[in-house]
Protein chains: 2
Amino acid sequence: MKIINSVSELRNEIKSLKASKGGLKDVKTGLVPTMGALHGGHLSLIEKCRSENEIVVVSVFVNPTQFGPNEDYDKYPRTLEADSKLCEKAGVDFVFAPSPRDIYDEYYFTHKETTLICPPYDVVNKLCGKSRPGHFDGVCTIVGKLFNITKCDRAYFGKKDAQQLFIIKKMVKELNFDIEIIGCPIVREKDGLAMSSRNTYLSNDARKLALNISRGLYKAKELAQKGVKEADTLIDTALAYMGGLDVEYTEIVSVDTFEKIDIIEQGPCKALMLVAARVESNGSKVRLIDNIDL
Amino acid sequence: MKIINSVSELRNEIKSLKASKGGLKDVKTGLVPTMGALHGGHLSLIEKCRSENEIVVVSVFVNPTQFGPNEDYDKYPRTLEADSKLCEKAGVDFVFAPSPRDIYDEYYFTHKETTLICPPYDVVNKLCGKSRPGHFDGVCTIVGKLFNITKCDRAYFGKKDAQQLFIIKKMVKELNFDIEIIGCPIVREKDGLAMSSRNTYLSNDARKLALNISRGLYKAKELAQKGVKEADTLIDTALAYMGGLDVEYTEIVSVDTFEKIDIIEQGPCKALMLVAARVESNGSKVRLIDNIDL
């Protein structure tokens, strides 16, 4: 496994490895884009990627353009050494760990601007995008850049970031990237808490409170499975569990369109309940997200 | 030569031709993106592309996302039959002539929105971009899509659309497209008028007036070569020729940054004088652009 910082070096290494694996034609490259601080969720993506592709690239980059001015860009956990060990164990070929200056052009640092990939306003101006203006422009931009850098055939994303997954699939379709996007199931701690790099921010007490997010979601799912179809009832049920939390949104949307659902339809269930909530921990608020297929 | 409408068919055809030309490795694909109504300027791009690449794709697509609501999208000349003949003669392999529905996803037609590639505000909010809000988002989006569809190695653009060329080079760098952008010299009619598909809109009288654009530019260049360095003087000289025209802008910028220049520096000249002007023709205004290396 090689740890690489520079775009051109990564390109050359992928090219060489492709050639050595028998030509450029049928050797597939899989990409797992991450911000590092790898946990079981990331590892499940890497394992799936490893099982489906000849070449596996994991990017580790805390991307400044997807953080708002008052968000946790500076304090976001950076654990490249531990991440690299996990990647090595998982059989990764290349860990791509660039600095911001390896990734963004000089103009970005002098002008605070760069060419962006911007998803449609209607899909961005809700849920996470509503409280994080510009976030999904930053996400699509870095992901598009990584697609162009690695020329990957497949890319793997966790379903925890459900809106992100939806938007990236949309971007791929709308900009004609010839890349298959694979969404992988949420990985949870034994007690149900969805794994997240931001869980490291949580004190013991905050972690207990955070658990109420998944509890609420599971309770709503239980009710939906019993036949309750009104979104409001299901949402109220989930919210009843989240007393100690500062809930930013709880919504039920269609997996296909990400538009709000009032009544859950019968048949194969395509409704997703999504939550974003902030938990007080060590004097600051930690923002967590989670969701469940109803 | 094949004329192709569908994205997937074009992809397959390029793949097959690549394979038949000896594998995927050293066979280069060149793209000439056009809106059709091909003239000598386009042909010079196609010829250069043909001389440098094993596979030549010319796209002919009047792209709705780069036209403003009051612009000439509907009446823009569409001459696919004639264009195809010119391409055939020039040795083109594929003319890609999709309809808007071949190119844009259903969501665009229902929601009037799509994922866009947006160049930085500072480079867009001047010159042509100032009077055509959203124009360069549309240009970058369609060009990015064509890059992803064709997986081209090189793409050819005319220097007449100087700001467009600058912005596309910037996009390629900032989004890490692994594509070489080649800018080709302006091709002019014998009397100096820069070739443009929009010249077909011009009545005889309007064409005479339009000629004053290139006359003004040449006069300014003459003066610059005599040692005049003040941008204002050079601009006034050019403007003196453009009496009958509705001049939108006349500016001198650096070729490297597209920022305004007040005093032209000595040494290898990197200053560009740019003009956009509207000419009255048959009761409507025709917008023309031109520029010259001072």
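For the structure, check the block above.
Residues numbered from 1 in each chain as written. Chains lettered and ligands numbered in written order. Predicted model: local features only at pLDDT ≥ 70, side-chain atom pairs only at ≥ 80, totals over all residues. Heavy atoms only, no water.

Peer 1: How should I be thinking about helix α1 (residues 7-20) of chain B in this particular structure?
Peer 2: One full turn of an α-helix is made of 3.6 residues, so residues set three or four places apart face in the same direction. All names here are of chain B. If you check α1, its first and last C-alpha atoms are 20 Å apart, about what 14 residues at 1.5 Å a residue would give, namely 20 Å. Within α1, burial applies to Val7, Leu10, Arg11, Glu13, Ile14, Leu17 and Lys18. Looking straight down α1, one finds that the buried residues subtend no more than 165 degrees of arc, so they occupy a single side. (Helix = DSSP H or I, 4+ residues; strand = E, 2+ residues; numbered from the N terminus. Expected span 1.5 Å × (residues − 1). Buried < 20%, exposed > 50% of the residue type's maximum accessible area, 1.4 Å probe, protein only. Arc of directions from axis to C-beta.)

Peer 1: So what exactly am I meant to see when it comes to the packing of helix α8 (residues 135-150) of chain A against helix α9 (residues 162-174) of chain A here?
Peer 2: For any two helices packed against each other, one specifies the inter-axial angle together with the distance between the axes. Residue and element names in this part refer to chain A. It is the contact of α8 with α9, at a shortest axis distance of 10 Å, that shows an interaxial angle of 55 degrees. Here α9 runs oblique to α8, going by the angle between their axes. Between α8 and α9 lies a crossing whose hand is right-handed. Taken together, the residues of α9 that come into contact with α8 (itself represented by Phe136, Val139, Cys140, Val143, Gly144 and Phe147) are Gln163, Gln164, Ile167, Ile168, Met171 and Val172. Grouping the constituent residues of the contact of α8 with α9 by class yields nine nonpolar, three polar and no charged. (Axes fitted to C-alpha atoms, helices over the stretch in contact; angles between N-to-C directions. Parallel < 35°, antiparallel > 145°, perpendicular 65-115°, else oblique. Left-handed = near helix turned anticlockwise from the far one by under 90°. Contact = heavy atoms within 4.5 Å. Nonpolar A, V, L, I, M, F, W, Y, C, P; charged D, E, K, R; others polar.)

Peer 1: Which parts of the structure should I look at to understand a negative patch on the surface?
Peer 2: Residue and element names in this part refer to chain A. Negative charge collects at one region of the surface, where Glu230, Asp232, Asp236 and Asp262 lie side by side. Within the secondary structure layout, aspartate 262 lies in the loop between β8 (246-254) and β9 (271-281). Here aspartate 262 falls in the exposed class, since its relative accessible area comes to 59%. (Patch = residues over 30% accessible without salt bridge, like charges linked within 9 Å, V, L, I, M, F, W, Y side chains within 5 Å. Areas by Shrake-Rupley, 256 points an atom, 1.4 Å probe, with all protein chains shown as cover. Salt bridge = Lys/Arg side-chain N within 4 Å of Asp/Glu carboxyl O. Lys, Arg positive; Asp, Glu negative; His and termini not counted. Charge placed at Lys NZ, Arg CZ, Asp CG, Glu CD.)

Peer 1: Would you take a moment to explain a nonpolar patch on the surface for this structure?
Peer 2: Residues and elements named next belong to chain A. Among the surface-exposed residues, Met1, Ile3 and Leu80 lie close enough to one another that they form a single nonpolar patch of about 230 Å² accessible area. Inspection of the secondary structure assignment puts methionine 1 in the segment before β1 (2-4). The partly exposed category is assigned to methionine 1, whose relative accessible area is 33%.

Peer 1: When you look at the nonpolar core in this model, what are you seeing that I'm missing?
Peer 2: For soluble globular proteins, nonpolar side chains are generally found buried alongside one another. Counting residues in hydrophobic clusters, the biggest one holds 101 residues, and the most contacted among them are A:Phe96, A:Phe147, A:Ile181, B:Phe96, B:Phe147 and B:Ile181. Aside from chain neighbours lying at most four places away, what touches A:Phe147 is A:Leu31, A:Cys152, A:Ala155, A:Phe157, A:Met171, A:Val172, A:Phe177, A:Ile179 and A:Ile181. (Core = buried A, V, L, I, M, F, W, Y, C linked by side-chain atoms within 4.5 Å.)

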